[in-house]
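Below, each chain spelled out in residue letters.
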Amino acid sequence: MHSRVLDVDRASSTRWVNLGVKAALVASFVIAIGLSPDTVDGKAMEFRAPLFLAPVVVVPLLARFRNWEPYPHTADSLLAAPFLLDTLGNLLGLYDEYPRTDDVLHFVNWILLVGAYHAFRFRNVHDRRDAVLLGYGFGALAIVWWEIMEWVVSEDGVGGAGGLSLTYGDTVGDLLLSSTGGLIGSILAVRWLGPRSEN
């Protein structure tokens, strides 16, 4: 059985999209840290950088070490895209100017993140059974750890960034929006990236 994600990975357009996403992510951090515009004051960009930029380095190294063929452009770009959107949201001041930006990106980013999970998984696993629930569970765990990281860099946490105003309602809302986005992302990824149905 053949998974659709392998065909998507082979498309030249997917490769260019992946390169564009990663180049934009690196450039965003160069601007955020190097120029330090007012929009990123208190946002702990130096703290975020190692985590957010990790996919730029880690995925190519894994692909080379494990001899992945074709290169996982789909998973690579889907994994980097949420970090790019979050960074741009801070860099462009969208979080401050439009308070609902955080809600929108929690929902959208978890669609992308769970899509990345399935794009990696379906390279080697050609079984759709329980795939939607597995992706949903991955997304739910990811948002729990994301909220823990946000607390670490908040004004009340050990990071002392002071740029995040976290409340109980905000945290619960993020959990709900992200887990819902993760469920939708899981459904879409299983349909579009999963194994083809045998006729």
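Everything here concerns the structure above.
What counts and how
- Residues numbered from 1 in each chain as written.
- Predicted model: local features only at pLDDT ≥ 70, side-chain atom pairs only at ≥ 80, totals over all residues.
- Heavy atoms only, no water.
- Helix = DSSP H or I, 4+ residues; strand = E, 2+ residues; numbered from the N terminus.
- Buried < 20%, exposed > 50% of the residue type's maximum accessible area, 1.4 Å probe, protein only.
- Polar contact = N/O pair within 3.5 Å; in protein donor to acceptor, adjacent residues only side chain to side chain.
- Contact = heavy atoms within 4.5 Å.
- Salt bridge = Lys/Arg side-chain N within 4 Å of Asp/Glu carboxyl O.

What follows is about unusual backbone geometry. The phi angle of most residues is negative, glycine excepted, and most peptide bonds adopt the trans form. Look at the link from Glu-69 to Pro-70: it is a cis peptide, with omega at -5°. Looking at where Pro-70 falls in the secondary structure, it is placed in the loop between helix 3 (45-65) and helix 4 (73-91). Unusually for a residue other than glycine, Ser-36 sits at a positive phi of about 45°. By the element assignment, Ser-36 lies in the loop between helix 2 (12-34) and helix 3. The partly exposed category is assigned to Ser-36, whose relative accessible area is 37%.

A word on the side chain of Asn-109. Counting through the fold element by element, Asn-109 comes out in helix 6 (residues 101-121). With a relative accessible area of 6%, Asn-109 lands in the buried category. In this structure the side chain of Asn-109 is engaged in a polar contact, spanning 3.4 Å, whose partner is the backbone oxygen of Pro-82. Not counting residues within four places of it along the chain, the set of residues in contact with Asn-109 comprises Pro-82, Leu-85 and Asp-86.

Opposite charge on two side chains permits pairing when their charged atoms draw close. Counted under the stated rule, the structure contains eight salt bridges. Asp-9 is paired through a salt bridge with Arg-123; the nearest N and O atoms lie 2.7 Å apart. Of this pair, Asp-9 sits in helix 1 (residues 4-10) while Arg-123 sits in the loop between helix 6 and helix 7 (131-152), and the two are 114 residues apart along the sequence. Of the two residues, Asp-9 and Arg-123, both sit in the buried class. Ionic pairing is found between Asp-103 and Arg-100, a salt bridge with its closest N-O pair at 2.6 Å. Through salt bridges that share partners, Asp-7, Arg-10 and Arg-196 make up one connected network.

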